[in-house]
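# A closer look at the structure
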Amino acid sequence: MQAEKALAAVGPLSTRARNVLSGMLAEGRRGWHLLVRDSQPLASRGADAFLIGTGGVFGLVFDDVVPETPTARGIEAHAEQLFADLPVGNHRNVFVPETIELVLVVAPHGRLRAADGLRRVTELDYRSLFGSEARLDRGVAGRIAELVAARRHGYTLLSLDRPQAQVDSGEVGLIGTEHLVEGDRVRALAKPFPTWMTFLDPDQRALVAKNYNGPARIAGPAGSGKTVVALHRMARRARRTTGKLLFTTFVRNLPRCQEQGFAQLAPGAMHRTEFKNLHSWAREFLDQRGEPSEMKLVQADNAFNLAWSRVGSRGLLAEIEPDNRYWREEIDRLIKGRGIHDFDEYAGLDRRGRNGRLVRSARNAVWDLLTEYEQIRRRRPFLDSNDLIADALIELEKNPLEELYDMVVVDEVQDMSVLGLRLVHALTGDAPNALLLVGDGQQKIYAGGWRLSDAGIPIVGRGEVLRVNYRNCEAVLALAASLEGKTRVDNLDGDAGTALSRSGGALPGGTAERWSGSDSDVEEQVRIQLDRITVQGIPLSATALLTLTNYDADRFRAALRRWQVPFRNLEDYTGADEDMIKIGTVYRAKGLDFRAVLHPFFEKALPAEPLTDAERDRAELVINQRFVAVTRAREYVWLGTVER
Ligand SMILES: Nc1ncnc2c1ncn2[C@@H]1O[C@H](COP(=O)(O)OP(=O)(O)OP(=O)(O)O)[C@@H](O)[C@H]1O
């Protein structure tokens, strides 16, 4: 009866709407609220009601006909406007109205097919909505409902969160903002459900729904929410399309970690969304085309070492730089990675990202080394990591995809090769909102460099920059900023980017410790830190030990075994919450974050000035690598420096 009375004040409602809504009201639900259309006419067609609770916000449409696309877009746009700019997050964060899910409430036995991107429930199973994964806390859900009702745009608030449901006056103020702000900050750190799932700062939020008439790029310093925005954009795109979507990087484990977040944002689109690194994509694609191909990294190492011993080690290149890794990078990143097949092209190449010009005779010697390597490779034969991408590109040029991807997100794009960029571009073309490149020049940890224009990707006018750091607490941010290199930060397309030290930080507090000492003491120091982290209440599962090399990672794995501390190698980490410390190189930690990070850093004393070009290159990369390691920490970071 109470429910009937409450509904009598709104309306007019269809019989189905009345049945479902009064059912909800009669049953009551802790943490849930309804906004029901009142008799005020709406300027445009809107949802009949909104269900708001711990599982998110749902726009309910009572109908037996799937709305035509323009109508559905109209209802969506109306909902996004109604819920826009609600200041319910921390000091800057607002609710992201693009996360509102439209739900068609149909007759129990109707023959309606589920429309893609539109959830469907019936009069009998609407309760499944209450079982949605938690993404708002109870107080915040109530606050959202109150704020929207107070806008008086034609919806009346009926709360399910009471034993006796009753009409609410729509007055704001039941839940104090201060309580929410503090609660939100603590949650952002503890992460029971990540706040970014439903709240973004206004700059981030503006990029979720922005329309781009071609490929776009989001740059910005570490922790500014680039990935988070990309996942929201992809979820929104998923709701508006029916085709394939891909989230990719050069890093093997990162896509799997991000998959979990996306699954919560767009569960209905998982069957057509791939999360995989670009090499896996290329391998599977070539398999499907009947061209199975495996890259053989160990064979590539051996072939290169053989080629070096035959034509490099006693010649001009060894005189310029005896460490052959420098020349391997020259071949991998600047020649093969750029798809260069012709000496003249290499002879005239602007070696972006590398210091020095490298005289023609040296370039000739590099070409001889490459030719020898390629001969060995073809004789054996095997593919290296560039060949796999190149083969996929050739296959695509011969036989393009029948259906392009509706969206491809490339995360950590700064470390992608030019060939990799061409490949992702071939998956989307220049279609509006289809290709999104996300990265930060300051976190480039592989040799070489490029501009997006080198890969033929036009982003003029579609480059965005985020500037506020949401990952690192103040102390961590200050330590990270003190480690920045002196080289100019690039926004990935030639213009100056934003360094972390010039970005704002959102999170106060944190612990950042520096230690320097001898090699014989460093393991003991790590052990002490593990105890400290535990005392601070940070679980092992939220802690990572990051090194620059596999050799160093192996050393600390052995130490963890001795101490009987369980660990998970980052290569195998999928974001699962296990009571194990994560361990691995910084290459595997890119794009991830942890509450605590331990970074033992083995510093090679730099040779006396002036440095050679190769030494400067290496020093710059090491600075970036150490920087990436430290910026993975949210609350606690320990940087231990050992001079070797
Ligand atoms: N508006 C926000 N409110 C709360 N947390 C946020 C917000 N934006 C981002 N975060 C959190 O900040 C961290 C960094 O976000 P994200 O990984 O998207 O940054 P990024 O710019 O891609 O970082 P990087 O370049 O270092 O990989 C994540 O833990 C994310 O959940």
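As annotated in an unreviewed UniProt entry, the chain carries the name DEAD/DEAH box helicase and comes from Nocardia tengchongensis.

A few words now on the packing of helix 15 (residues 385-398) against helix 16 (residues 418-428). It is at 9 Å that the axes of helix 15 and helix 16 come closest, and there the two elements cross at 30°. Between helix 15 and helix 16, the angle falls in the class roughly parallel. Handedness of the helix 15/helix 16 crossing: left-handed. Contacts between helix 15 and helix 16 pair Asn-386, Ile-389, Ala-390, Ala-392, Leu-393 and Leu-396 from the former with Leu-419, Gly-420, Arg-422, Leu-423, Ala-426 and Leu-427 from the latter. Tallied by class, residues from the contact of helix 15 with helix 16 come to nine nonpolar, two polar and one charged.

What follows concerns helix 7 (residues 226-240). The end-to-end C-alpha distance of helix 7 is 21 Å, a good match for the 21 Å that 15 residues give at a rise of 1.5 Å each. For helix 7, the buried fraction is high: 14 of the 15 residues fall into the buried class.

Further remarks concern the UniProt feature "binding site: ATP" (unreviewed entry) in the chain. Per the UniProt record, the feature "binding site: ATP" (unreviewed entry) sits at Gly-220, Pro-221, Ala-222, Gly-223, Ser-224, Gly-225, Lys-226 and Thr-227. Relative to the helices and strands, Gly-225 is located in the loop between strand 9 (216-219) and helix 7. What Gly-225 contacts, discounting residues up to four positions off in sequence, is Gln-204 and Leu-466. One can find Lys-226 in helix 7. Judged by its relative accessible area of 9%, Lys-226 falls in the buried class. Residue contacts for Lys-226: discarding those within four places in its chain leaves Ile-218, Ala-219, Gly-220, Pro-221, Val-438, Gly-439, Asp-440, Gln-443 and Leu-466.

Here we take up the nonpolar core. Membership of the largest hydrophobic core comes to 32 residues, with the highest contact counts inside it found for Trp-281, Leu-421 and Leu-423. Of all the elements in the fold, those that place two or more residues in this core are helix 9 (278-288), helix 15, strand 12 (407-410), helix 16 and strand 13 (435-439). For this core, the element with the highest residue contribution is helix 16, accounting for six residues. Ignoring any residue separated from it by four or fewer positions in sequence, one finds Trp-281 in contact with Leu-246, Glu-274, Lys-276, Leu-396, Tyr-405, Leu-423 and Leu-427.

The environment of the ligand is made up of 23 residues, and the closest members are Trp-196, Lys-226, Thr-227, Arg-471 and Asp-593. In this structure, Gly-225 approaches the ligand through a main-chain N or O atom, which is 3.0 Å from an oxygen atom. Here an oxygen atom of the ligand and a side-chain polar atom of Arg-471 are 2.8 Å apart. If the ligand stood free it would expose 640 Å²; the protein chains cover 95% of that surface. Breaking the shell around the ligand down by element, the ones donating at least two residues are strand 8 (199-200), helix 7 and strand 15 (468-473). Ranked by residues supplied to the shell around the ligand, first place goes to helix 7 with three residues. Tallied by class, residues from the shell around the ligand come to seven nonpolar, nine polar and seven charged. Each of domain 2 (201-291 + 399-469) and domain 4 (510-643) accounts for three or more of the residues forming the shell around the ligand.

Each α-helix turn comprises 3.6 residues. Residues three or four places apart therefore point the same way. Looking at helix 10 (residues 297-312), one finds that the buried residues are Ala-300, Ala-303, Phe-304, Ala-307, Trp-308 and Gly-312. Down the axis of helix 10, the smallest arc covering the buried residues is 140°, so these residues share one side. In the core, the buried residues of helix 10 are packed alongside helix 11 (316-320), helix 12 (324-335) and helix 14 (360-379).

The rules behind the values
- Residues numbered from 1 in each chain as written.
- Predicted model: local features only at pLDDT ≥ 70, side-chain atom pairs only at ≥ 80, totals over all residues.
- Heavy atoms only, no water.
- Axes fitted to C-alpha atoms, helices over the stretch in contact; angles between N-to-C directions.
- Helix = DSSP H or I, 4+ residues; strand = E, 2+ residues; numbered from the N terminus.
- Parallel < 35°, antiparallel > 145°, perpendicular 65-115°, else oblique.
- Left-handed = near helix turned anticlockwise from the far one by under 90°.
- Contact = heavy atoms within 4.5 Å.
- Nonpolar A, V, L, I, M, F, W, Y, C, P; charged D, E, K, R; others polar.
- Expected span 1.5 Å × (residues − 1).
- Buried < 20%, exposed > 50% of the residue type's maximum accessible area, 1.4 Å probe, protein only.
- UniProt positions renumbered as here; feature names shortened; annotations may be inferred.
- Core = buried A, V, L, I, M, F, W, Y, C linked by side-chain atoms within 4.5 Å.
- Near = heavy atom within 4 Å.
- Polar contact = N/O pair within 3.5 Å; in protein donor to acceptor, adjacent residues only side chain to side chain.
- Areas by Shrake-Rupley, 256 points an atom, 1.4 Å probe, with all protein chains shown as cover.
- Domains from an automatic or database assignment.
- Arc of directions from axis to C-beta.

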